[in-house]
Amino acid sequence: MFLTMTFRWFLVFSVSIAVAAIDDDLIPSTLDGPFEPVTVPYDVSLRGNAVDLPDTDPRVRRCVEGFEPEQISVSLSVNYDSVWISWITGEFQIGNNIKPLNPNTVASVVRYGRSRVPLTDEASGYSLVYNQLYPFEGLQNYTSGIIHHVRLTGLKPSTLYYYRCGDPSISAMSDIYHFRTMPVSGPRSYPNRIAVVGDLGLTYNTTDTIHNLKSNKPDLVLLVGDVSYANLYRTNGTGSDCYDCSFPETPIHETYQPRWDYWGRFMQSLISRTPIMVIEGNHEIEEQVGKQSFVAYSSRFAFPSEESKSSSPFYYSFNAGGIHFIMLGAYVDYSKSAKQYKWLERDLANVDRSMTPWLVAAWHPPWYNTYTAHYKEAECMRLEMEELLYSYGVDIVFNGHVHAYERSNRVYNYSLDPCGPVHITVGDGGNREKIAIEHADEAANCPEPSSTHDEDMGGFCATNFTSGPAAGKFCWDQQPDYSAFRESSFGHGILEVKNETWALWTWYRNQDSSGKVGDQVYIVRQPELCLGSIKLPKSLFADS
């Protein structure tokens, strides 16, 4: 049991050009040591497409009638044998006098099978309607269409399924779509490609990101927070480039919920056939009267929370072949005494590394970030959770939030550690807010410590470094040795796990042709090098 807790990745080498062919025999099996940090200059011209798609764009307009399904998506359950199908029927309403639709008037049915015709199986689910309410003069209220979630069970691994969703009793069924289930869990069983993206929004940069992502034909999409950016808009539909300064004269921070519907319509061509797994970001908070928050996020997506024994849509886990994914919430309580931490302890203790050798974690704000944007913002979360994740041998961490790309060497507690995870920030999906350019280690860029606090993430924990080259300072004087590569460009990443020993990570810039890559690295597991090097907290052995 204890041997399976210390599996690790080992960074072998990185390249900045595409690899045409990969041969297992050519992959080095030993650690060459940390690489020289790399920074690529920012090209100002890349900012030009950070303009939101208007509601007149045909890709975001409603193209169904009555209660026909739209915004169709697939998401995973805990294992290969189950998925969720989600969609919306009926039109949203926004204005001063709105009347919510009755979700009980439209059934939630999915017909599916391994042949396109006939669809021999049928499943039913549940439906809901949510509201975003602002009882203030001049602010408009919103009520959604009817949101449906249906879980399909008893599926076979690595199998193509066809499906239609809707209500057959009122002749309101969708066209026929298809998806492929995940492989069975095992040390040599993996999805071909997993796309990882963050901070998408719905700009022309976003359309480039999704176009490029589609060309890589992923089997799964991981979205690490900040989805629609509806909270950059007032309820009258006018927008802003700045989250903090958008609404200085309004009684509450408004959101323009139709942006969620536009996003769902735009993404349908991808996520109706490729499962998407989402974790919340700060732009999903969307507080309204009565202190309600995360309402759109919690309503529009289906999460395997119950299946993974979580009591919340803000943290959950699932398997994709031989990878166990842990999705964590940075904007709900993550302290050691909180429900999330206790759930994480139980989930990690139950991972069978003989069946899922790879352990991947994801949440929105990065712990290891060298940009001035959000520098050390998630320090409280790191101090609470890093030891636990390290103790159980998390191999890689994905984050967003910082609107740029950065990949770390293996790191633990700000020190290079061959048994620590690789941290990758992909908050470069293409949203409307400005791209991150400045680095905290550059002259005169180090932020004032008190300015790094985010009230949505808890207390203030950022302090000066206590050891190493930056001892006694709040920032490094040069790119830290744990920062392997960073660049201010929009893009997306692709993870290809080949077997229990090695994987390939590739980051693609939006401005490059499909045949080029911006960053590429082989990652190799050598668990024997870390045996006995990890001190497991006593709490990990306590009865849950």
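- The protein is annotated in an unreviewed UniProt entry as Purple acid phosphatase from Gossypium stocksii.
- Quoted straight from UniProt, the Sequence similarities (unreviewed entry) entry for the protein says "Belongs to the metallophosphoesterase superfamily. Purple acid phosphatase family."
- Looking at the Catalytic activity (unreviewed entry) heading of the UniProt record, one finds this comment for the protein: "a phosphate monoester + H2O = an alcohol + phosphate".

## Section: unusual backbone geometry
Next, step 1: Between Val 117 and the following residue, Pro 118, the backbone shows a cis peptide bond with an omega angle of -5 degrees.
Next, step 2: Here Pro 118 is to be found in the loop between β6 (109–113) and β7 (121–124).
Next, step 3: In this model, Ser 171 sits at a positive phi of 55 degrees, which is unusual for a non-glycine residue.
Next, step 4: For Ser 171, the position within the fold is in the loop between β12 (160–167) and β13 (172–173).
Next, step 5: For Glu 286, which is not glycine, the phi torsion reads 45 degrees and is therefore positive.
Next, step 6: Here Glu 286 is to be found in the loop between β17 (276–278) and α3 (295–300).
Next, step 7: The class of Glu 286 is buried, set by a relative accessible area of 3%.

## Let's talk about the environment of Gly 154
Next, step 1: On the secondary structure map, Gly 154 appears in the loop between β11 (146–152) and β12.
Next, step 2: Judged by relative accessible area, Gly 154 falls into the exposed class, the value being 66%.
Next, step 3: Each C-alpha atom of the pair Gly 154 and Tyr 80 lies 9.1 Å from the other, and the pair is 74 residues apart in sequence.

## Remarks on empty space enclosed by the protein
Gaps left between atoms are located by rolling a probe of water-molecule size over the structure's atoms.
Next, step 1: A full pass over the atoms with the stated rule returns six cavities of 30 Å³ or more.
Next, step 2: Of the pockets and cavities examined, the largest cavity occupies roughly 160 Å³.
Next, step 3: If you trace the largest cavity, you find 14 residues lining it, with Gln 71, Ser 73, Gly 264, Arg 300 and Phe 301 closest to the centre.
Next, step 4: Contributions of two or more residues to the lining of the largest cavity are made by β3 (70–76), β4 (83–89), β11 and α2 (258–271).
Next, step 5: Ranked by residue count, the leading element in the lining of the largest cavity is α2, at four residues.
Next, step 6: Residues of the lining of the largest cavity, tallied by class, amount to eight nonpolar, five polar and one charged.
Next, step 7: A volume near 60 Å³ is recorded for the second largest cavity.
Next, step 8: Around the second largest cavity sit 13 residues that line it, and Glu 377, Cys 380, His 453, Gly 459 and Cys 461 are the ones nearest its centre.
Next, step 9: Across the lining of the second largest cavity, the residue classes break down as six nonpolar, four polar and three charged.

## Some remarks on the pattern of salt bridges
Next, step 1: Counting across every chain of the model gives 21 salt bridges.
Next, step 2: Residue Asp 477 is joined to Lys 473 by a salt bridge in which the shortest nitrogen-to-oxygen separation is 2.4 Å.
Next, step 3: Relative accessible area serves as the criterion here: at 57%, Asp 477 is assigned to the exposed category.
Next, step 4: Overall, the relative accessible area of 34% leaves Lys 473 in the partly exposed class.
Next, step 5: Taken together, the shared-partner salt bridges connect Arg 62, Glu 70, Glu 91 and Arg 265 into one network.

## Section: the pairing of strand β19 (residues 323–327)
Next, step 1: Extensive coverage of β19 is indicated by the burial of five of its five residues.
Next, step 2: Neither face of β19 is exposed, since Ile 323, Phe 325 and Met 327 on one face and His 324 and Ile 326 on the opposite face are all buried.
Next, step 3: Pairing of strand β18 (residues 316–320) with β19 involves five bridges; the strand directions are antiparallel. Of the residues in β19, the one forming a bridge with Ala 320 is Ile 323.
Next, step 4: Where β18 folds back on β19, the antiparallel hairpin that results is connected by two residues, among which Gly 321 adopts a positive phi of roughly 60 degrees.
Next, step 5: Direction of pairing for β19 relative to strand β20 (residues 358–362): parallel, over a ladder of five bridges.

## A short note on the packing of aromatic side chains
Next, step 1: Going through the model one piece at a time under the given rule, you end up with 32 aromatic pairs.
Next, step 2: Aromatic side chains Tyr 161 and Phe 179 sit 5.8 Å apart centroid to centroid with 15 degrees between the ring planes, which places their arrangement in the stacked category. Here Tyr 161 is found in strand β12, whereas its partner Phe 179 is found in strand β14 (residues 177–180), with 18 residues between them in sequence.
Next, step 3: Judged by its relative accessible area of 4%, Tyr 161 is buried.
Next, step 4: Ring plane angle 55 degrees and centroid distance 5.8 Å describe the contact between Tyr 163 and Phe 179, whose orientation is recorded as tilted. Taken together, the residues span a long stretch of sequence, with Tyr 163 in strand β12 and Phe 179 in strand β14 at a distance of 16 residues.
Next, step 5: The exposure class assigned to Tyr 163 is buried, which follows from its relative accessible area of 0%.
Next, step 6: One aromatic cluster in this structure is built from Trp 260, Trp 263, Phe 294, Tyr 297, Phe 301, Phe 303, Phe 314, Tyr 316, Phe 318 and Phe 325.
Next, step 7: One Lys or Arg, Lys 376, reaches over the ring of Phe 465 and ends 3.8 Å from the middle of that ring.
Next, step 8: Its end group placed over the ring of Trp 358, Arg 525 keeps NZ or CZ at 5.7 Å from the ring centre.

## Some words on the state of the cysteines
In a disulfide, the sulfur atoms of two cysteines are held together by a covalent bond.
Next, step 1: This model, assessed by the stated rule, comprises three disulfides.
Next, step 2: Residue pairing for Cys 380: its cysteine sulfur links by disulfide to Cys 461, the two sulfurs lying 2.0 Å apart. Disulfide Cys 380-Cys 461: the torsion about the S-S bond is 95 degrees, which places it as right-handed. Residue Cys 380 is found in helix α5 (residues 379–391), and its partner Cys 461 is found in the loop between β25 (422–426) and β26 (483–487); the two are separated by 81 residues along the sequence.

Conventions we followed
Residues numbered from 1 in each chain as written. Predicted model: local features only at pLDDT ≥ 70, side-chain atom pairs only at ≥ 80, totals over all residues. Heavy atoms only, no water. UniProt positions renumbered as here; feature names shortened; annotations may be inferred. Helix = DSSP H or I, 4+ residues; strand = E, 2+ residues; numbered from the N terminus. Buried < 20%, exposed > 50% of the residue type's maximum accessible area, 1.4 Å probe, protein only. 1 Å grid on protein atoms, 1.4 Å probe; cavity = no way out; pocket = protein on both sides within 12 Å on 5 of 7 lines; lining within 4 Å. Points joined across faces, edges and corners; volume = space filled by probe spheres on them. Nonpolar A, V, L, I, M, F, W, Y, C, P; charged D, E, K, R; others polar. Salt bridge = Lys/Arg side-chain N within 4 Å of Asp/Glu carboxyl O. Pairing = 2+ DSSP bridges. Phe/Tyr/Trp six-rings, centres within 6.5 Å; stacked < 30°, edge-to-face > 60°. Lys NZ or Arg CZ within 6 Å of the ring centre and 35° of its normal. Disulfide = S-S within 2.5 Å.

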